[in-house]
Amino acid sequence: MFNKAKAYSENELLDKLKYYCPDFSVHLQDIRNPTPEFVREMYRRILIEFNIDISSLEQPHFSQMENLSPFAEMYHDSIPVINLMKAIRKLKIIDLGISDLTDPAPKRNLEQMSTIMRFVEFCDEKITEWNDKLNFVKNKRSRKKELLKNIDQLKEERNKYTLSKENSIEEKLELEKVYQILTQEQATVLNEKDTILEKRNLLKASINEKEHQVEKLNQQLCEEEELIKNTREQIVASPISIVNDLKNMRMKQLDYSEELQNLKDKLVSKKTNQCSNV
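All figures in this text were calculated on a predicted structure; none of them were measured in a lab. Sequence order as written defines residue numbering, which begins from 1 separately in each chain. Only residues with pLDDT of 70 or above have their local features reported here, since the model is predicted, and side-chain atom pairs are shown and tallied only from 80 upward, although totals for entire chains, interfaces and linings are computed over all residues. Calculation of side-chain values draws on the structure's entire complement of heavy atoms; hydrogens and water are dropped beforehand.

Q: Help me understand the pattern of salt bridges, please; the structure alone is not making it clear to me.
A: Side chains bearing opposite charge may pair, as long as their charged atoms lie close to each other. A pairing counts as a salt bridge when a side-chain nitrogen of Lys or Arg comes within 4 Å of a carboxyl oxygen of Asp or Glu. Taken as a whole and judged by the stated rule, the model has seven salt bridges. Its salt-bridge partner being Arg32, residue Glu10 comes within 2.8 Å of it at the nearest N-O pair. Of this pair, Glu10 sits in helix H1 (residues 10-20) while Arg32 sits in helix H2 (residues 28-32), and the two are 22 residues apart along the sequence. Under the scheme applied here, a residue whose accessible area is under 20% of the maximum for its type counts as buried, over 50% as exposed, and between as partly exposed, the area being computed with a 1.4 Å probe on protein chains only. For Glu10, a relative accessible area of 29% gives the class partly exposed. Each helix is a run of DSSP H or I of at least 4 residues and each strand a run of E of at least 2, with the numbering of both proceeding from the N terminus.

Q: In this structure, what is going on with helix H3 (residues 36-49)? I would like to understand it.
A: Helical geometry: 3.6 residues make up each α-helical turn, so side chains three or four residues apart lie on a common side. Between its first and last C-alpha, H3 extends 20 Å over 14 residues, near the 20 Å set by a 1.5 Å rise per residue. Within H3, the full set of buried residues consists of Phe38, Val39, Met42, Tyr43, Arg44, Arg45, Ile46 and Leu47. To estimate the expected span of a helix, subtract one from its residue number and multiply by 1.5 Å.

Q: Quick question: what am I supposed to make of the packing of aromatic side chains here?
A: Geometrically, a pair of aromatic rings is defined through the distance of the ring centres and the angle of the planes. Side-chain rings of Phe, Tyr and Trp (the six-membered ring for Trp) are treated as a pair once their centres are within 6.5 Å; stacked means planes under 30 degrees apart, edge-to-face means over 60, and tilted covers the remaining angles. All told, the structure shown has three aromatic pairs when counted by the stated rule. Note on Tyr19 and Tyr20: the rings are 4.8 Å apart at their centroids and 90 degrees apart in plane angle, and the pair reads as edge-to-face. A residue is classified by how much of its surface remains accessible, and Tyr19, at 59% relative accessible area, is exposed. Ring plane angle 15 degrees and centroid distance 6.0 Å describe the contact between Phe24 and Phe38, whose orientation is recorded as stacked. Of this pair, Phe24 sits in the loop between H1 and H2 while Phe38 is found in helix H3, placing the two residues 14 residues apart along the sequence. On the basis of relative accessibility, which here comes to 13%, the residue Phe24 falls in the buried class. One Lys or Arg, Arg118, reaches over the ring of Tyr8 and ends 4.1 Å from the middle of that ring. Only when the NZ of Lys or the CZ of Arg is both within 6 Å of the ring centre and within 35 degrees of the ring normal is a charge said to sit over the ring.

Laid out in structure tokens, this is it:
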């Protein structure tokens, strides 16, 4: 819980200021002997930490302009200080006065800055916790949005299903017609299958017969080849010798024919002589 009673030491406050305002040059001497410029700039930095537009603090507000219109130039330098004081007071953390910004006392300034820096630190811790909770809530919202989207999709699908259900009877009749057509086509295919099987069996028998004939022809061919082989073995190597032998045989035949004729002539002559003697 935020505790604004206890003040930081000078070194502790210096560390806190450097941590939360790293781009702001601050030294231990600034805390021990604070100047109005340092104090004002420090409070401006704190307002920036709370995302407050400090540029609006430099100019008088509309209500201030109405009240100070005759003396606006006299309060030109005081307006930014007054607005800064009001802005810090609206945080309701410290009771800041004009003298705290124009003539700061070291001890009071240490207490007030310690209090407001404790509040900054407290807010930083809480923001971390709240960020986790915010992320949790965002995730829940995102999940809710997703679920609502799914519900809408389911409703749309349900409507589509309702519409399609009305056409289910016609679709069923159409499917039955298709089933009948397919059944008829199946019967036709089965009949064609039987015819094809019968033709296949006939063709197979014809092929077997042709194979038997081919086998028989192969056997005959082997026998003829064997006969040709045997015949070739009986044929002499040179046909010229056969021709010469044939000529010699013919000449011998002529000689034998002449001798035979001579013998016949002699026999005839001998028989004739015998007959004449008788």
